[in-house]
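Summary of the model geometry
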Amino acid sequence: MKSFLNVQDMGDLRQALAEAQEIKADRFKYDTLGKNKTLLMVFFNNSLRTRLSTQKAAMNLGMNVIVLDVNAGAWKLETERGVIMDGDKSEHLLEAIPVMGCYCDVIGIRSFAGLTDRDYDYAETVYHQFLKYSGKPVFAMETATVHPLQAFADLITIEEHKKSNRPKVVLTWAPHPKSLPQAVPNSFAQWMNAADVDFVITHPEGYELDPKFVGDVRVEYDQKKAFEGADFIYAKNWSCPGVTNPGDYGKILHDYHQMMRWTVDAEHMSWTNNAHFMHCLPVRRGMIVTDDVIEAPTSLVIPEAANREISATVVLKRILQSVK
Ligand code: AN0
Ligand code: CP
């Protein structure tokens, strides 16, 4: 595997889940695979889970790890080509990337969405520049539009907790005071579409996700109807994807106080089939979900985070096997 961005890069999901199970049974099974190989993790944004779980995964495989926080200690980077660099940016990404490639064997990138230029974000411009100019295999640690390590960990978690062969999984929008990317819901939808689940999405009108990720999945604007019979509730906020109105890209469409009826509380959970609650974290309590729901025994937020180590170990193992 030379690039990990979409579910297709993973191939057969049954096989991927089998590898996840193998790693979970013995996470050090491939502890010499990464000997003398270096992972460089490049962060353009904050992170707790991705930073720790991906580093742990690399250590499981015997790799060395370098972490670069671009906004804390590196030169300020220009990302656009063709600009006259007379501002506050000292270095261009087009030199920085091949330089980074000199010091490592694999690169993980958290590039995040700018949420101002839809075309720039949805073209995954920064990720593809790394792929093109680093000369190394590259994987997404949440890019502008996708977060596949999260979606893979979520799929592993659903597989471990499902009570029927084809559980009902509901992705629900929930309120948040700041504009957030669509990367998590995009990847979650893409991976659920490829998995053997009954998948439904619910959100207020205007937050339609890009068809490239959701395909023809059922969108139910009535949150209560969507929740009926659900086995898993996956909550997440996202800003306007700008599918029907590109001018609204990255915006919050309504005053969030008006949207608080979308917060997942005990009444919402009572509409379901005693569903598990899921969220990728970090989560704002009282906005996305109430304390009682996230603290309930049916909440899977910590197992999901724990499975980030497993998903990252499988992905890095695949990458190392392909560069050997
Ligand atoms: C980020 C997001 O919504 O994409 C990271 C989630 C993994 N969340 C925040 O910035 C709060
Ligand atoms: N879920 C997740 O990716 O969290 P971080 O942003 O803390 O890495």
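Whatever comes next refers back to the structure up there.
A brief report on the enclosed structure follows. These numbers were taken from a predicted model, which means no experiment stands behind them.

**Structural notes on the packing of helix 6 (residues 148–161) against helix 12 (residues 301–323)**
- Where helix 6 meets helix 12, the axes come as close as 8 Å, and the angle between the chain directions of the two elements is 115 degrees. The way helix 6 lies across helix 12 gives a crossing that is right-handed. Here helix 6 contributes Leu149, Gln150, Phe152, Ala153, Asp154, Ile156, Thr157, Glu160 and His161 to the contact with helix 12, which in turn contributes Pro303, Glu304, Asn307, Arg308, Ile310, Ser311, Ala312, Val314 and Val315.
- When the residues that make up the contact of helix 6 with helix 12 are grouped by side-chain class, the tally is nine nonpolar, five polar and four charged.

**Notes on the site of ligand 2**
- Around ligand 2 sit Ser47, Leu48, Arg49, Thr50, Arg110, His147, Gln150, Cys280, Leu281 and Arg308, and that is every residue in its neighbourhood.
- The backbone of Cys280 places a nitrogen or oxygen atom 3.0 Å from a nitrogen atom of ligand 2.
- In terms of residue class, the shell around ligand 2 is built from three nonpolar, four polar and three charged.
- For the shell around ligand 2, the domains that each give at least three residues are domain 1 (3–146 + 308–323) and domain 2 (150–304).

**Thoughts on the site of ligand 1**
- In the vicinity of ligand 1, the contacting residues are Phe112, Glu142, His147, Leu180, Pro181, Lys236, Cys280, Leu281 and Pro282.
- Here an oxygen atom of ligand 1 sits 2.6 Å away from a polar atom, N or O, in the side chain of Glu142.
- The side chain of Lys236 places a nitrogen or oxygen atom 2.7 Å from an oxygen atom of ligand 1.
- Of the residues that constitute the shell around ligand 1, the class distribution is six nonpolar, one polar and two charged.

**A look at the sheet that holds strand 3 (residues 64–69)**
- The strand order 1-7-6-2-3 describes an open sheet built from five strands, whose pairing is parallel. Both edges of this open sheet fall to strand 1 (3–4) and strand 3, since each of them pairs with a single strand only.
- Two strands pair when backbone bridges link them, and strand 2 (residues 38–43) and strand 6 (residues 106–110) are joined in this way by five bridges, in the parallel orientation. Paired with Met41 across the two strands is Gly108, which belongs to strand 6.
- Docked against the sheet, helix 12 engages strand 1, strand 2, strand 6 and strand 7 (138–140), running at close to 140 degrees with respect to strand 6.

About the thresholds
Residues numbered from 1 in each chain as written. Chains lettered and ligands numbered in written order. Predicted model: local features only at pLDDT ≥ 70, side-chain atom pairs only at ≥ 80, totals over all residues. Heavy atoms only, no water. Axes fitted to C-alpha atoms, helices over the stretch in contact; angles between N-to-C directions. Helix = DSSP H or I, 4+ residues; strand = E, 2+ residues; numbered from the N terminus. Left-handed = near helix turned anticlockwise from the far one by under 90°. Contact = heavy atoms within 4.5 Å. Nonpolar A, V, L, I, M, F, W, Y, C, P; charged D, E, K, R; others polar. Near = heavy atom within 4 Å. Polar contact = N/O pair within 3.5 Å; in protein donor to acceptor, adjacent residues only side chain to side chain. Domains from an automatic or database assignment. Pairing = 2+ DSSP bridges.

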